[in-house]
Amino acid sequence: MRWTCPYCESTGQYHDETDGAEAFERHLFGHVESLVESGVHAADDIGGTGNVLVRSRCESTASDNARIHFLSPGDIVLFVTMSPAERLRLLHEELHEWPAQTVLLTTKSDVLGSVSGIDFSEVPLEVVRLDSRLGLSGLGETVSRVIDEYEAAAGKIAIEVDILPELTEKFDLQTVFKFLHVLGKRFDRADALAHYHVDPRTLSESTINVLEPAFDLSITPRDRRFVSEPSPGPV
């Protein structure tokens, strides 16, 4: 793997793509480091509303820190996820209190039964079971109906979508891009803050480059610090 820094034109070349990607991230961090300070939010640059691409291994401490950062402003928290149990446990462990409403859209069954040690009896929680055969149009319509249901309620809507890798495996890139563009517009109309996870180690840089213009901001979480830079932006 060979990289060239867009800021200082430094270059690096590595036989191992993972090592090269990590070295490039470390180099970029020296240029565009943005510490998450008290009272400062990574989405402030996009007005606290919009669509953010999180470039990190989906199941990692860094990604969990990003999740809490982007979900904590939400009164209504919506997940489109393959890992509902892990997301519920994260909210339980990291937030001071449950959101006013949590909604899970997932293909998984018996979501609550798979989470031990948490009493959900008084948690405002809705689980929407998705058909695994659902196409992108059907998925978009389902998400939009959920947004319709809660849009009129008081409070901020915060959304996580962690199924991008599955979508890119199942559908062609241009179809996924159009889906993200339409979905992003719907989130914008609801003044929602949405973030999407993608692992640059398992999804090629060329694939990410195709999808990135659908987002307002792209970040790489490193522990509790974020390397952030504006994406090309929705087209």
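Whatever comes next refers back to the structure up there.
Since the model is a prediction, treat every value here as computed from it, not as a measurement. (Residues numbered from 1 in each chain as written. Predicted model: local features only at pLDDT ≥ 70, side-chain atom pairs only at ≥ 80, totals over all residues. Heavy atoms only, no water.)

(A) Examining the overall build of the protein more closely. Helices and strands together make up the secondary structure of the protein, namely seven helices and 11 strands. Taking the intrachain contacts of the protein between residues at least 6 apart in sequence as the baseline, contacts between residues at least 24 apart amount to 67%. Summing over all exposed atoms, the protein offers an accessible surface of approximately 11700 Å²; the carbon and sulfur share of this is 46%. (Helix = DSSP H or I, 4+ residues; strand = E, 2+ residues; numbered from the N terminus. Contact = heavy atoms within 4.5 Å. Areas by Shrake-Rupley, 256 points an atom, 1.4 Å probe, with all protein chains shown as cover.)

(B) Up close: the pattern of salt bridges. Inspection of the entire model under this criterion finds 11 salt bridges. Measuring nitrogen to oxygen at the nearest pair gives 2.8 Å for the salt bridge that ties Arg55 to Glu205. Separated by 150 residues along the polypeptide, Arg55 in strand β4 (residues 50-55) and Glu205 in helix α7 (residues 205-211) bring together distant segments of the chain. Glu205 sits in the partly exposed class, given a relative accessible area of 36%. (Salt bridge = Lys/Arg side-chain N within 4 Å of Asp/Glu carboxyl O. Buried < 20%, exposed > 50% of the residue type's maximum accessible area, 1.4 Å probe, protein only.)

(C) Just the packing of aromatic side chains, in detail. Under the counting rule described, the total for this entry stands at two aromatic pairs. When the centroid spacing of 4.9 Å and the interplanar angle of 75 degrees are considered together, the rings of Tyr196 and Phe215 count as edge-to-face. With Tyr196 in strand β9 (residues 193-198) and Phe215 in the loop between α7 and β10 (217-222), this pair connects stretches of sequence that are 19 residues apart. (Phe/Tyr/Trp six-rings, centres within 6.5 Å; stacked < 30°, edge-to-face > 60°.)

(D) Looking closely at helix α4 (residues 136-151). For α4, which comprises 16 residues, the first-to-last C-alpha distance of 22 Å matches the rise-based estimate of 22 Å (1.5 Å per residue) to within 8%. Looking at the buried residues of α4, the elements they touch are β5 (76-80), β6 (101-106), β7 (125-129), β8 (157-161), α5 (164-170) and α6 (173-189). (Expected span 1.5 Å × (residues − 1).)

(E) Looking closely at unusual backbone geometry. The backbone of Asp110 sits at a positive phi, close to 50 degrees, despite the residue not being glycine. Within the element layout of this structure, Asp110 appears in the loop between β6 and β7. Take Asp110: its relative accessible area is 56%, and that puts it in the exposed class. Residue Asp191 is not a glycine yet carries a positive backbone phi of 55 degrees. Looking at the secondary structure, you find Asp191 in the loop between α6 and β9.

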